[in-house]
Amino acid sequence: MGRPKQLLRWGAQTLIEHQIQILLKTGNPVNVVLGSNSNLVQPVIEKFNVNVFINNNWESGMGSSIATGVNGLLREFPGADGVLIALLDQPLVPSEHFRNMLEVFYRGKLQIIISSSGSGWEGVPVLFDKCYFDELQNLNSKEGAKKVIQMHKNDIKSVECGNLLEDMDTPEAYYQLLKKFTSPL
């Protein structure tokens, strides 16, 4: 992107501020994992009531960020029943979708709640029951939690999110999503 993705403008705020506000609307604690450029991002989000965990091993990939987040979650909330993993680069996902995921989540059940799009794509945001915490804490690869999901296909429930699961990994994708976000319906 040429600059920290978290600090890209998204309306009148940064992308990370937007995502934190969306997640805070669920009424649940929000934990943020920062890696590269954490020294630039942390001052921007200190006004929010969130826990910040620093992944010093961020170069090894998404798996290490998930492991850092789950480890931090268990330090702050040792009785946590699950973890909802959301990505910064899916800014169109509304708080209603996260609430829908939480509504179908039953504590203590073997379940992974994944998001699905109208085009058939499935993945993040994803909600894992606490029984998967050990596996998530041991991730260290670039592929994130995909292998945990694949190993437990029988435990998956899906929650539809329409066509709002688009992510942005290039400047072109960012500008396309920003245009959708700022365009009147």
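It should be noted that the structure appears before, not after, this text.
These lines cover the structure that appears in this document, whether it is placed above or below.

Criteria and cut-off values
- Along each chain, the written sequence defines residue order, and numbers are assigned to residues from 1.
- Note on the predicted model: pLDDT of at least 70 is required for a residue's local features to be given, and 80 or more for side-chain atom pairs to be given and counted; whole-chain, interface and lining totals, by contrast, use all residues.
- Working from all heavy atoms in the structure, the side-chain values ignore hydrogens and water.
- We count a stretch as a helix when DSSP gives it H or I for four or more residues in a row; a strand needs E for two or more, and each element gets its number in order from the N terminus.
- Within these notes, the globule rule equals 2.2 Å times the number of residues to the 0.38 power, and the radius of gyration is based on C-alpha atoms.
- Using a 1.4 Å probe on the protein chains alone, a residue whose accessible area is under 20% of its type maximum counts as buried, one over 50% counts as exposed, and one in between counts as partly exposed.
- The contact criterion used throughout is that any non-hydrogen atoms of two residues lie within 4.5 Å.
- Calculation of accessible area relied on Shrake-Rupley with a 1.4 Å probe; when residues are assessed, cover is drawn exclusively from the protein chains displayed.
- Counting rule for charge: Lys and Arg are taken as positive, Asp and Glu as negative, and neither His nor the chain ends is counted.
- Just so you know, the charge point we use is NZ for Lys, CZ for Arg, CG for Asp and CD for Glu.
- Put simply, a salt bridge is a Lys or Arg side-chain nitrogen that is within 4 Å of an Asp or Glu carboxyl oxygen.
- One requirement defines pairing of two strands: DSSP has to find at least two bridges between them.
- Each axis is a line fitted through C-alpha atoms, taken for helices only over the stretch in contact, and angles between the N-to-C directions span 0 to 180 degrees.
- Note on handedness: a crossover is taken as right-handed if, strands pointing away from the viewer, the path from the first strand over the helix to the second is clockwise.
- Side-chain atoms within 4.5 Å are what join buried Ala, Val, Leu, Ile, Met, Phe, Trp, Tyr and Cys residues into a set we call a nonpolar core.

### Thoughts on the overall build of the chain
Along its length, the chain carries seven helices and eight strands. Relative to the compact-globule value of 16 Å for 185 residues, the chain shows a C-alpha radius of gyration of 16 Å, a close match. C-alpha extents for the chain along the principal axes are approximately 40 × 35 × 30 Å. Considering the chain as a whole, with its 185 residues, one finds that 45% of them fall into the buried category. For the chain, long-range pairs separated by at least 24 residues make up 63% of all intrachain contacts whose partners lie at least 6 apart in sequence. Split by element, the accessible area of the chain, about 9,900 Å² in all, is 50% carbon and sulfur. If the 17 positive side-chain charges of the chain are averaged to one point and the 19 negative ones to another, these points end up 2 Å apart.

### Thoughts on the pattern of salt bridges
Applying the stated criterion across every chain, the model contains six salt bridges. The salt bridge involving Arg107 is made with Asp81; its shortest N-O contact spans 2.7 Å. Of this pair, Arg107 sits in the loop between α4 (95-103) and β6 (112-116) while Asp81 sits in the loop between α3 (62-76) and β5 (82-85), and the two are 26 residues apart along the sequence. According to the relative accessible area criterion, Asp81 is partly exposed, its value standing at 24%. Between Arg99 and Glu96 there is a salt bridge; the shortest N-O distance is 3.5 Å. Of this pair, Arg99 and Glu96 both sit in helix α4, separated by three residues, roughly a single helical turn. What you see here is one network of salt bridges that share partners, running through Lys5, Asp89 and Asp169.

### Focus: the sheet that holds β5
Strands sit in the order β5-β7-β6-β8 across an open sheet of four strands; the sheet is mixed. Single-partner strands in this sheet number two, and they are β5 and β8 (156-160). Here the strands of the sheet are splayed against their neighbours by 25° on average, with no regard to which way each runs. The pairing of β6 with β8 spans five bridges and is classified as parallel. Across the sheet, the residue bridging to Ile113 is Lys157, located in β8.

### A look at the pairing of strand β4 (residues 51-54)
Across four bridges, the pairing between strand β3 (residues 31-34) and β4 is parallel. Across the sheet, the residue bridging to Val32 is Val52, located in β4. As for the winding sense of the linkage, the β-α-β connection from β3 through helix α2 (residues 38-45) to β4 is right-handed.

### A look at the environment of Glu172
Mapped onto the secondary structure, Glu172 falls in helix α7 (residues 171-182). A C-alpha to C-alpha distance of 25 Å links Glu172 and Ser65, two positions 107 residues apart in sequence.

### Notes on the nonpolar core
Formed by 30 residues in total, the largest nonpolar core has its most connected members in Trp10, Ile16, Ile20, Val32 and Ile45. Residue assignment for this core shows that the elements contributing at least two residues are α1 (15-24), β3, α2, α4 and α7. Ignoring sequence-local partners within four residues, the contact set of Trp10 consists of Leu15, His18, Pro91, Leu92, Tyr174, Leu177, Leu178 and Phe181.

### Structural notes on the pairing of strand β7 (residues 122-129)
β7 sits mainly inside the fold: seven of its eight residues count as buried. Pairing of β5 with β7, which is carried by four bridges, proceeds in the antiparallel orientation. Following the sheet pairing, Gly82 is matched in β7 by Asp129. Relative to β7, β6 is paired through five bridges, and the arrangement is antiparallel. Residue Ser116 lies in a different strand from β7, and its bridge partner there is Glu122.

### Quick look at α1
Judged by how many residues are buried, α1 sits mostly within the fold: eight of ten residues are covered. Those residues of α1 not exposed but buried are Leu15, Ile16, Glu17, His18, Gln19, Ile20, Ile22 and Leu23.

All quantities given are derived from atomic positions and should not be read as evidence of function.
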